[in-house]
Amino acid sequence: MTTTGGVDALLEHARAGLRRLDPHETRAAVAAGALLIDTRTDRQRARQGELPGAIVIDRTVLEWRLDPRSASRIPEATGYDRLIVVVCRQGYSSSLAAAGLQAIGLHRATDLAGGVEAWLAAGLPTTTGPADVRE
């Protein structure tokens, strides 16, 4: 997709294909077996805390780690029908990341609306680690 509307148009296009989850829906999805993928930086996670059950994957390698056909996938990347919820700090880059995952066939990929800031505002728990970081 090429857009002349800038990043806001790109974000709107990405979100049009997502059924974004709120914090409580995200927590329930993870309890039911969804993969929770945290793309925040080390510094953001140190400030905000770790999300219980999250796998930390750097945004630069996200598609390779989650594509079931990739030689660089993580063991949890078991199929294209797996529900994947991407999380970032505020819910912007996670929308673009989820749309990218959908583009490679992970049609149930989505993100947490509002990011970790929404999670915290909802009073949901965080941990101090250690994080499950995958490189």
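Refer to the structure printed above.
For the structure given in this document, a descriptive report is provided here. Keep in mind the model is a prediction, meaning the values are calculated, not measured. (Residues numbered from 1 in each chain as written. Predicted model: local features only at pLDDT ≥ 70, side-chain atom pairs only at ≥ 80, totals over all residues. Heavy atoms only, no water.)

**Concerning helix H2 (residues 23–31)**
It helps to recall that an α-helix has 3.6 residues per turn; residues three or four apart then point in one direction.
Stage number 1. Taken as a whole, H2 has its buried residues at Pro-23, Thr-26 and Ala-29. Buried positions in H2, seen along its axis, are confined to an arc of 120 degrees and lie on one side of it.
Stage number 2. Tucked inside the fold, the buried residues of H2 contact strand E1 (35–38), strand E3 (84–87) and helix H6 (115–121).
Stage number 3. Looking one or two places after H2, you find Gly-33, whose phi comes out positive at around 115 degrees. (Buried < 20%, exposed > 50% of the residue type's maximum accessible area, 1.4 Å probe, protein only. Helix = DSSP H or I, 4+ residues; strand = E, 2+ residues; numbered from the N terminus. Arc of directions from axis to C-beta. Contact = heavy atoms within 4.5 Å.)

**Quick word on the pairing of E3**
Stage number 1. Side chains Ile-84 and Val-86 of E3 all project onto a buried face; the interleaved residues Val-85 and Val-87 project onto the opposite face, where all are buried too.
Stage number 2. Here four bridges tie E1 to E3, and the two strands are oriented parallel to one another. From the neighbouring strand, Ile-37 faces E3, where its bridge partner is Val-86.
Stage number 3. Where E3 and strand E4 (residues 110–111) come together, two bridges link them in parallel fashion. Residue Val-86 lies in a different strand from E4, and its bridge partner there is Asp-111. (Pairing = 2+ DSSP bridges.)

**A short note on the side chain of Gln-48**
Stage number 1. Mapping Gln-48 onto the fold places it in helix H3 (residues 42–48).
Stage number 2. Here Gln-48 falls in the buried class, since its relative accessible area comes to 15%.
Stage number 3. In this structure the side chain of Gln-48 is engaged in a polar contact, spanning 3.1 Å, whose partner is the side chain of Arg-40.
Stage number 4. Not counting residues up to four positions away in its chain, the partners in contact with Gln-48 are Arg-40, Arg-89, Val-116, Glu-117, Leu-120 and Thr-126. (Polar contact = N/O pair within 3.5 Å; in protein donor to acceptor, adjacent residues only side chain to side chain.)

**Describing the pattern of salt bridges**
Stage number 1. Per the stated rule, a full pass over the model turns up nine salt bridges.
Stage number 2. In this structure, the salt-bridge partner of Arg-19 is Glu-25, at a minimum N-O distance of 3.1 Å.
Stage number 3. One salt bridge in this structure joins Arg-134 and Asp-132, with 2.7 Å as the shortest N-O distance.
Stage number 4. Salt bridges sharing common partners tie together Asp-42, Arg-45 and Glu-50. (Salt bridge = Lys/Arg side-chain N within 4 Å of Asp/Glu carboxyl O.)

**Looking at the pairing of E1**
Stage number 1. The alternating pattern of E1 places Leu-35 and Ile-37 and Leu-36 and Asp-38 on opposite faces, both of which are buried.
Stage number 2. Pairing between E1 and strand E2 (residues 55–57): two bridges, direction parallel. Along E2, the bridge assignment pairs Asp-38 with Val-56.

**Looking at the layout of surface pockets**
Stage number 1. Empty space within the largest pocket amounts to approximately 160 Å³.
Stage number 2. In this structure, the largest pocket is lined by Thr-39, Arg-40, Thr-41, Asp-42, Arg-45, Val-56, Ile-57, Asp-58, Arg-59, Val-133, Arg-134 and Glu-135.
Stage number 3. Secondary-structure elements contributing two or more residues to the lining of the largest pocket are H3, E2 and strand E5 (132–134).
Stage number 4. Here the residues of the lining of the largest pocket sort into three nonpolar, two polar and seven charged. (1 Å grid on protein atoms, 1.4 Å probe; cavity = no way out; pocket = protein on both sides within 12 Å on 5 of 7 lines; lining within 4 Å. Points joined across faces, edges and corners; volume = space filled by probe spheres on them. Nonpolar A, V, L, I, M, F, W, Y, C, P; charged D, E, K, R; others polar.)

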